[in-house]
Amino acid sequence: MAAAAPCGAVGQCRLQLLVLVAAAAAGRAAAATVRGGMLYPRESPSRELKELGGIWSFRADFSPGRDAGFEQRWYRQPLRQTGPVIDMPVPASFNDITQDPHLENYIGWVWYEKEVLLPQRWLQDDFSTRVVLRFGSAHYYSIVWVNGVQVVEHEGGHLPFEADISRIVQRSPGVPCRITVALNNTLTLHTLPPGSIQYMNDKTRYPKNYFVQNTRFDFFNYAGIHRPVVLYTTPSVYIDDITVTTTSSESVAMVQYQISVVGSELYSLSLSLRDQEGKVVATGSGPAGELKVPNPNLWWPYLMHESPGYRYFLEVKMQAQASGVPQEDIYTLPVGIRTVHVTSTQFLINGKPFYFHGVNKHEDADIRGKGLDWALIVKDFNLLRWLGANSFRTSHYPYAEEIMDLCDTYGIVVIDECPGVGIKMPESFGNKSLQHHLVVMEELIRRDKNRPSVVMWSVANEPASELPPAAYYFKTLIAHTKALDPSRPVTFVSDTNYALDHGAPYVDVICVNSYFSWYHDSGHLEVIPLQLTAQFENWYKTYQKPIIQSEYGADSVPGLHSDPPAMFSEEYQKALLKEYHSVFDKKRKEYVIGELIWNFADFMTNQGVTRVLGNKKGIFTRQRQPKSAAFVLRERYWKIANESSCLPPIIKSLSSQHVVHGITDYIISLV
Ligand code: GCB
């Protein structure tokens, strides 16, 4: 990606300084490990919420060193007083909002600002209300000030961070609360994902001070405030975190819980678990324990049961005294009861074999880039269910909590991937990178540990796992992940040769990507059966672990036709899929436990000679219209679901021709 903005000796210094800032912060975080909970902000009788989405003021720092904002301390006064600002929507990526190619490809610090008035009752200086500012995600390095005071610094996109701002806002009631964010999208060899800045110093070929950011991943590196920013309140003594795990037998389930409270040592906790009708099915007390649920409704994946995604609601009530004042906090957590086990040939959910027939996705759309968009989210879930997809991988980074909530609700099974994509350079396997990666896994697990839809963690996509340091790297990373969450299997997604992969010994499930007759033997569909069969057999012989085909696919330009099939036509994409499917059908009787198409929808990438306005391997266009391949996959997924599911006979008896609306409506009405 070319950054057309100038950057001279000063600029180089400043960019290097950014790297140092980021590295220092990563070091601090690693040493400290992640502290505190990161409960999704929900309203309750003791908690209020204010959404800060909408138009924010914005300025990209185009100064030669990208450092004018810090030198002139833009955070000390309203942004409009230090120079021109433009309107910027939040949540959204900033890249595609204007017509300015320099902003589209901008690398460095950008500044956002919002002024908000808070309700009077939040501002009473009696130490009883805690006001928290929370960002669902911002890419990638964030520094946040409130009324000119720095409140939080966070490294990494995709995951939430927050700050207690009570003391700052309660000190000046009646004054608008000014939130200033400086955001930097520079990637280094030690960030996740990694990247590097390359200065082009040949004056005969490049303008003065020219640099580019190089990355080794295949999606446009959108940046901005991508997810909701909210202010929420809690009492000053509050429920900080809840961890829930579940086990079940035929007629009874156990819900193990652990709760942490912050603000006082003297508190009591009471819990009640309600079913979807609101009936209390179990009660408990104290910070840790077990709830017994007789005749439980288990959480089942979509198409595996007539009522998928069943969730109970765990209401946690905390009562305490703080400075003689009684305090009460209430938080309600949705809970799905389900178990996950892996054998040498199967993936079991609630003891039943589960076959992943799903997709890989991206958070990506016209104009808003990676910004959260409710209309797009709901459309995508409707398409997933239309397709008969029961699962997806969050390729190649954690998706919004709002998306994960719908996975829980609809029973869409998730392989939850961290942003470990494009880890290719030896420098990215050193201790500094590893420490940061461990912290990112801590943040991800802290966020998603209670989600029944999440059945496996993926710690990386296509790292250079053939490099010798990958052995120690993945051994440590996977052990750490398992120590944080012993209840879920762990994987990473490999495209390394089975005989050379140093990370594979440590995973529970082999996830393998391959593009036969696309990137290799281009145009030769006939090689697929042989090569894919050999791939599966080699991996299985070496590891005796179940295998997921975690990516396969072909680009197709919608409306481009060719018979016999030629690359980039819709016919070729369909034919390639079918060749893969015939091998999957043989091997899923043995140890292949899933197939995830690359990709659900076309998505934007960097410009390059193999990309025509982005990656076109979607079975839907970027605007979510089906290509021919979508119908091939839909017929297949419904067929597989009907073969193996416990759906009622009425649904099973319908062929995929009939499911256009009827069955999805029926299933949806059951949810
Ligand atoms: C891969 C990557 C994915 C790419 C895809 C492709 O192996 O994991 O990020 O987009 O191939 O289309 O090249």
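Keep in mind the model is a prediction, meaning the values are calculated, not measured. Residue positions are given per chain, counting from 1 as you read along its sequence in written order. Only residues with pLDDT of at least 70 get local features here, since the model is predicted, and only at 80 or more are side-chain atom pairs given and counted; chain-wide, interface and lining totals rely on the full set of residues. Side-chain measures were taken over the full set of non-hydrogen atoms in the model, leaving aside hydrogen atoms and water.

**Q** Which parts of the structure should I look at to understand the overall build of the chain?
**A** Think of it this way: any DSSP run of H or I at least four residues long counts as a helix, any run of E at least two long counts as a strand, and we number them from the N terminus. Check the secondary structure of the chain and you find 13 helices and 33 strands. Atoms considered for the radius of gyration are the C-alpha atoms alone. The globule rule reads 2.2 Å times the number of residues to the power 0.38. Here the C-alpha radius of gyration of the chain, 25 Å, is about what a compact globule of 671 residues would show, namely 26 Å. Taking the principal axes of the C-alpha coordinates as reference, the chain spans close to 75 × 70 × 45 Å. Throughout this description, buried means an accessible area under 20% of the type-specific maximum (1.4 Å probe, protein chains only), exposed means over 50%, and partly exposed covers the range between. Relative to its full complement of 671 residues, the chain shows a buried share of 59%. What makes two residues a contact is simply this: any of their non-hydrogen atoms within 4.5 Å. A fraction of 73% describes how many contacts in the chain between residues 6 or more apart in sequence connect residues 24 or more apart.

**Q** Could you clarify how one ought to interpret the nonpolar core in this entry?
**A** The tendency in soluble globular proteins is for nonpolar side chains to be buried side by side. Nine residue types can take part in a nonpolar core, namely buried Ala, Val, Leu, Ile, Met, Phe, Trp, Tyr and Cys, and a core is a set of them joined through side-chain atoms within 4.5 Å. Counting 91 residues, the largest nonpolar core has Phe-381, Leu-387, Phe-392, Phe-474 and Phe-620 as the members making the most contacts within it. Look past the residues within four positions of Phe-474 in its chain and what remains in contact with it is Phe-429, Val-459, Ala-460, Pro-463, Ala-479, Phe-492, Gly-503 and Tyr-506. Formed by 47 residues, the second largest nonpolar core is a distinct cluster that contains Val-237, Phe-347, Phe-356 and Ile-593.

**Q** Sorry, what's going on with the side chain of Gln-573 here?
**A** Structurally, the position occupied by Gln-573 is in helix α10 (residues 570-587). Side-chain atoms alone can form a polar contact between residues adjacent in sequence; in general such a contact is a pair of N or O atoms within 3.5 Å, and within protein one must be able to donate a hydrogen while the other accepts it. Within the structure, Gln-573 has its side chain in polar contact with the backbone oxygen of Lys-617 (distance 3.4 Å). Residues within four places of Gln-573 in sequence aside, it is in contact with Ala-554, Ser-556, Lys-616, Lys-617, Gly-618, Ile-619, Lys-627 and Ala-629.

**Q** Quick question: what am I supposed to make of the sheet that holds strand β20 (residues 288-294) here?
**A** Within a sheet, neighbouring strands are paired by backbone hydrogen bonds and run either parallel or antiparallel to one another. We call two strands paired when DSSP finds no fewer than two bridges between them. If you walk across this open sheet you meet the three strands as β16-β17-β20, and the pairing is antiparallel. Single-partner strands in this sheet number two, and they are β16 (238-248) and β20. On average, each strand axis in the sheet is tilted by 25° relative to the strand beside it, whichever way the strands run. Here ten bridges tie β16 to strand β17 (residues 252-262), and the two strands are oriented antiparallel to one another. Looking across to β17, one finds that Ile-242 is bridged to Ile-259. Orientation is described by axes fitted as lines to C-alpha atoms, over the contacting stretch for helices, and by angles from 0 to 180 degrees between their N-to-C directions.

**Q** Would you mind going over the site of the ligand with me for this structure?
**A** For this description, a residue counts as near a given molecule or strand if any of its non-hydrogen atoms is within 4 Å of it. For the ligand, the set of nearby residues contains 13 residues, the closest of which are Asp-218, Glu-462, Tyr-519, Glu-551 and Lys-617. Contacts to the ligand include Glu-462, whose side-chain N or O atom sits 2.4 Å from an oxygen atom. Separating an oxygen atom of the ligand from a side-chain N or O atom of Asn-615 is a distance of 2.8 Å. Any residue outside Ala, Val, Leu, Ile, Met, Phe, Trp, Tyr, Cys, Pro, Asp, Glu, Lys and Arg is labelled polar, Gly included; the first ten of those are nonpolar and the last four are charged. Across the shell around the ligand, the residue classes break down as four nonpolar, four polar and five charged.

**Q** Even after reading the chapter, I still don't get the UniProt feature "domain: Glycoside hydrolase family 2 catalytic" (unreviewed entry) in the chain, so can you show me in this structure?
**A** UniProt positions are given in the numbering used here, feature names are shortened, and annotations may be inferred rather than shown by experiment. With numbering matched to this structure, UniProt assigns "domain: Glycoside hydrolase family 2 catalytic" (unreviewed entry) to residues 340-641. Between the C-alpha atoms that bound residues 340-641 the distance is 19 Å, and the span itself is 35% helix and 16% strand.

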